[in-house]
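Overview (structure and organization)
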Amino acid sequence: MTRPVTAELDLAALRNNLQVVRRVAAKSRVWSVVKADAYGHSLAHVWQAMSATDGFALLELEKAILLRDGGWKGPVLMLEGFFSADELPLFDQYRLTTSVHSNWQLKALAQARLRAPLDIYLKINSGMNRLGFPPGQAAAVYQQLRGMANVGQITLMAHFADADQPEGISDALVNIEQAARGLDLPRSLANSAATLWHPQTRHQWVRPGIILYGASPGGDWQDIAGSGLQPVMSLRSEIIGIQNLKPGDRVGYGSRFQADREMRIGIVAAGYADGYPRTAPDGTPVAVAGVTTGTVGMISMDMLAVDLTPCPQAGIGSPVELWGPQIKIDTVARAAGTIGYELMCARAPRVALVIKH
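Rules used in this analysis
Residues numbered from 1 in each chain as written. Predicted model: local features only at pLDDT ≥ 70, side-chain atom pairs only at ≥ 80, totals over all residues. Heavy atoms only, no water. Phe/Tyr/Trp six-rings, centres within 6.5 Å; stacked < 30°, edge-to-face > 60°. Helix = DSSP H or I, 4+ residues; strand = E, 2+ residues; numbered from the N terminus. Buried < 20%, exposed > 50% of the residue type's maximum accessible area, 1.4 Å probe, protein only. Contact = heavy atoms within 4.5 Å. Core = buried A, V, L, I, M, F, W, Y, C linked by side-chain atoms within 4.5 Å. Domains from an automatic or database assignment. Salt bridge = Lys/Arg side-chain N within 4 Å of Asp/Glu carboxyl O. Pairing = 2+ DSSP bridges. Axes fitted to C-alpha atoms, helices over the stretch in contact; angles between N-to-C directions. Polar contact = N/O pair within 3.5 Å; in protein donor to acceptor, adjacent residues only side chain to side chain. UniProt positions renumbered as here; feature names shortened; annotations may be inferred. Right-handed = clockwise from strand over helix to strand, strands pointing away.

Some points on the packing of aromatic side chains
One pass over the full model with this rule turns up 10 aromatic pairs. Ring plane angle 75° and centroid distance 5.9 Å describe the contact between Trp 31 and Tyr 121, whose orientation is recorded as edge-to-face. On the criterion of sequence distance, the pair formed by Trp 31 in strand S2 (residues 29–33) and Tyr 121 in strand S6 (residues 118–123) is long-range, its members being 90 residues apart. Classification of Tyr 121 as buried rests on a relative accessible area of 4%. Plain terms: the ring middles of Phe 56 and Trp 72 are 4.8 Å apart, the flat faces sit at 75° to each other, and that makes the pair edge-to-face. Pair noted here: Phe 56 is in strand S3 (residues 55–58) and Trp 72 is in the loop between helix H4 (61–69) and strand S4 (76–78), with a separation of 16 residues, a long-range link. The exposure classification of Phe 56 matches that of Trp 72, with both residues buried.

Things to note about the side chain of Arg 187
Tracing the chain through its elements places Arg 187 in strand S8 (residues 187–190). If we skip the residues at most four places from it in the chain, Arg 187 touches Thr 155, Leu 156, Ile 176, Glu 177, Ala 180, His 203, Gln 204 and Trp 205.

Quick notes on the nonpolar core
Core analysis: the largest hydrophobic core is formed by 114 residues, its most contacted members being Leu 109, Leu 145 and Tyr 276. The greatest single-element share of this core, amounting to six residues, is contributed by helix H1 (residues 11–24). Both domain 1 (11–215) and domain 2 (233–355) contribute no fewer than three residues apiece to this core. Setting aside residues up to four positions removed in sequence, Tyr 276 forms contacts with Leu 235, Gly 271, Thr 284, Pro 285, Val 286, Thr 295, Ile 299, Leu 304, Leu 322, Trp 323 and Val 332. One finds Phe 257, Ala 259, Ile 267 and Val 296 within the second-largest nonpolar core, a separate group that totals nine residues.

What to know about the pattern of salt bridges
For the coordinates displayed, the defined rule picks out 15 salt bridges. Here Asp 37 makes a salt bridge to Lys 63, at a shortest N to O gap of 3.2 Å. Of the two residues, Asp 37 sits in helix H2 (residues 35–39) while Lys 63 sits in helix H4, which places them 26 residues apart along the sequence. The class for Asp 37 is partly exposed, based on a relative accessible area of 23%. Across the pair Arg 187 and Glu 177 runs a salt bridge whose closest N-O atoms are separated by 2.7 Å.

Things to note about the sheet that holds S6
With parallel pairing, the eight strands of this closed barrel are ordered in space as S2-S3-S4-S5-S6-S7-S8-S9. Pairing analysis gives three bridges linking S3 to S4, with the strands arranged parallel. From the neighbouring strand, Ala 57 faces S4, where its bridge partner is Leu 77. Across the sheet, H4 is in contact with S3 and S4; its angle to S4 comes to roughly 175°. The strands touched by helix H6 (residues 103–111) are strand S5 (97–100), S6 and strand S7 (151–157); relative to S5, the strand with the most contacts, the crossing angle is about 135°.

Comments concerning the domain arrangement of the protein chain
According to the domain assignment, the protein chain contains domain 1 (11–215) and domain 2 (233–355). Computed from C-alpha coordinates alone, the two centres of domain 1 and domain 2 are separated by 37 Å. Between domain 1 and domain 2, the residue contacts involve 10 residues of the former and nine residues of the latter. The interface formed by domain 1 and domain 2 includes zero salt bridges. The interface formed by domain 1 and domain 2 includes one residue pair in polar contact (both at pLDDT 80 or more).

Some details on the side chain of Thr 97
You can see Thr 97 is positioned in strand S5. According to the relative accessible area criterion, Thr 97 is buried, its value standing at 9%. The contact partners of Thr 97, leaving out residues within four places of it in the chain, are Val 76, Leu 77, Met 78, Asp 119, Ile 120 and Tyr 121.

Some points on the UniProt feature "modified residue: N6-(pyridoxal phosphate)lysine" (unreviewed entry) in the protein chain
UniProt marks Lys 35 with the feature "modified residue: N6-(pyridoxal phosphate)lysine" (unreviewed entry), using the numbering shown here. Along the chain, Lys 35 turns up in helix H2. Those residues in contact with Lys 35, other than ones at most four positions away along the chain, are Ala 57, Leu 58, Leu 59, Glu 60 and Leu 79.

As for unusual backbone geometry
The backbone of Arg 95 shows a phi angle near 55°, a positive value even though the residue is not glycine. At His 203, a position not held by glycine, the phi torsion is positive, near 50°. One can find His 203 in the loop between helix H9 (192–197) and strand S9 (205–206).

Topic: the pairing of S6
Of all six residues in S6, five are buried; the element is thus mostly enclosed. Sheet topology places S5 next to S6; three bridges connect them, and they run parallel. For Ser 99, the partnering residue across the bridge sits in S6 and is Tyr 121. Between the parallel elements S6 and S7, the chain passes through helix H7 (residues 138–146) in a crossover that is right-handed.

And the structure:
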């Protein structure tokens, strides 16, 4: 028998979430962001469920090629562009749209021998100070691009650092408007948070990521509870052992948890080597046979323990939902001091995928 920990992927939920985005941003085209192997959901298994999208956006060239080889003929946007001039022949062969954020990329584009022009996303630094040209250089860079035979359509691209925070997007918008002054270009600005909560940012293209997979860009499920978004990934396992504790008995490495009463605990076949957060404290929510309870003790590499007091009928083989429709991934992430993005992306290769159509 194989180890019972699995990641169930609900493709109907994924299709639903794309339709939610379409309703929210009805006048925009949609880049479905599938970087990091579709946020840990396995691009090869899920991209066809998103085939109603207008385009896919990602970072990894091999995954872009996977989409093309799989039959996707629509736009593919490389969010960080090409990492070496040597990649440009493949961008040309597979007809990939590339972001441009650095002067060396401008030089490489100008010198490349391409069969046909590439569409370009001109990346502006909106104040996040990761990638992008300063706003004051946007007009000059645009003119350089316009003079290149290798350049097709140009779109203005930027990102928001605080669209999910109280400070919002106002400072970033000032920088973006400075960059766009005098440039009549289509725009792609809105990430998941901006798509949901800042309609003035939607423009021609939106770039939803985390909301496609049914989690909140702000890290709190209540932020999206009324949106119609549904969790796509469920991390599931089973009880593989039972321990009956006396007052004073301890659980797990470091003896962090000490029983203050007689209690029954279940040992679950899942741990941090599967992608469950080691930092999860005692009481992190878990569902056993549909009943919400909590973890006890330190998370081990391959196992964790749960309190069976609320579910006395549970035993060996009882199903466990570590996150999914009942136990929201954002709730687990917040308890562990992280975000749902990290938990999705941390799914280990040894965790079997179960595809629910």
